[in-house]
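Reading the structure
What follows is each chain in one-letter form.
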Amino acid sequence: YQKITQNNPFVTPGLNVKNTNYKMIFYAGMKGNLSSSTFYNIKLKYSFFDDMHFFTRNIFATDSAANQFTVSYYQGEVMNVFGEISFDISESLSLRAEGNLYQYTFYDNDSRDVQPKPWHKPSYDLTVTGEYNLRDKIILQTDIYFSGKRWVQNVETEDAGQLDGYVDVNLGLEYRYSKVLSGYLKFRNILANNYYRWNNYPVYGLQAFLGITYAF
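Residues numbered from 1 in each chain as written. Predicted model: local features only at pLDDT ≥ 70, side-chain atom pairs only at ≥ 80, totals over all residues. Heavy atoms only, no water.

Observations regarding the nonpolar core
Residues Ile4, Val11, Leu15, Val17, Phe55, Phe69, Val71, Tyr73 and Trp198 constitute the largest nonpolar core, which totals nine residues. Per-element accounting of this core gives the leading share, three residues, to strand β3 (residues 69-88). Within the second largest apolar cluster, eight residues are counted, among which are Met52, Tyr74, Val78 and Trp119. (Core = buried A, V, L, I, M, F, W, Y, C linked by side-chain atoms within 4.5 Å. Buried < 20%, exposed > 50% of the residue type's maximum accessible area, 1.4 Å probe, protein only. Helix = DSSP H or I, 4+ residues; strand = E, 2+ residues; numbered from the N terminus.)

What about the side chain of Glu77?
Mapped onto the fold, Glu77 is located in strand β3. Lacking a salt bridge, the buried Glu77 has Lys23 as its closest oppositely charged neighbour, with an N-O distance of 8.1 Å. Side chain to side chain, Glu77 and Tyr46 meet in a polar contact 2.5 Å long. Ignoring any residue separated from it by four or fewer positions in sequence, one finds Glu77 in contact with Tyr46, Ser47, Phe48, Phe49, Gln103, Tyr104, Thr105 and Tyr107. (Lys, Arg positive; Asp, Glu negative; His and termini not counted. Salt bridge = Lys/Arg side-chain N within 4 Å of Asp/Glu carboxyl O. Polar contact = N/O pair within 3.5 Å; in protein donor to acceptor, adjacent residues only side chain to side chain. Contact = heavy atoms within 4.5 Å.)

Focus: the pattern of salt bridges
A full pass over the atoms with the stated rule returns five salt bridges. Here Arg176 and Glu174 are joined by a salt bridge, their closest N and O atoms 3.4 Å apart. Of the residues examined, Glu174 reaches a relative accessible area of 23% and is grouped as partly exposed. Sharing partners across several salt bridges, the network here consists of Glu84, Arg96 and Glu98.

Given below as structure tokens:
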């Protein structure tokens, strides 16, 4: 339950979620170095599953609970194409990008739902990360996350709709005063986009975090 709520904090309280049964998983890949400073990783995975859960609206609830999520289970197949590439531009600067493409096929329908869709699962995602390390004293990090469109159940009509894709940009600065003491400043969603990760729940806009860390 803790893992589920960390993923989606808007689920029905006490929701009990089955484990997904992966009956078969086939994969093939290739990784290596294009040069001394460039690494790549490519993987194709094809899985057959039972009881994979997808977050759907709690259509049997009333009042405010109707905007909470339960899960629907499906049997089917999913193909995942993964790619990663990283560059060590210098001793101080590194860049990394990784992305996924997803394609789902379902065998049967859950009687509570419209035609099964990979609810709240993106068709693709891409993360670009950069880090600048100045003498292991000042660390500047940024990451840009791209997500494709996601299928959702419309609250009013109970049919299928789509949430738009989104871009989320984060920035962090860390100052290491010593080996045990450091301070940090982090900004999340610096574009202040009020996109929807979960249907009917817009994310917060710009967020800032200031703190210190101390290692014993």
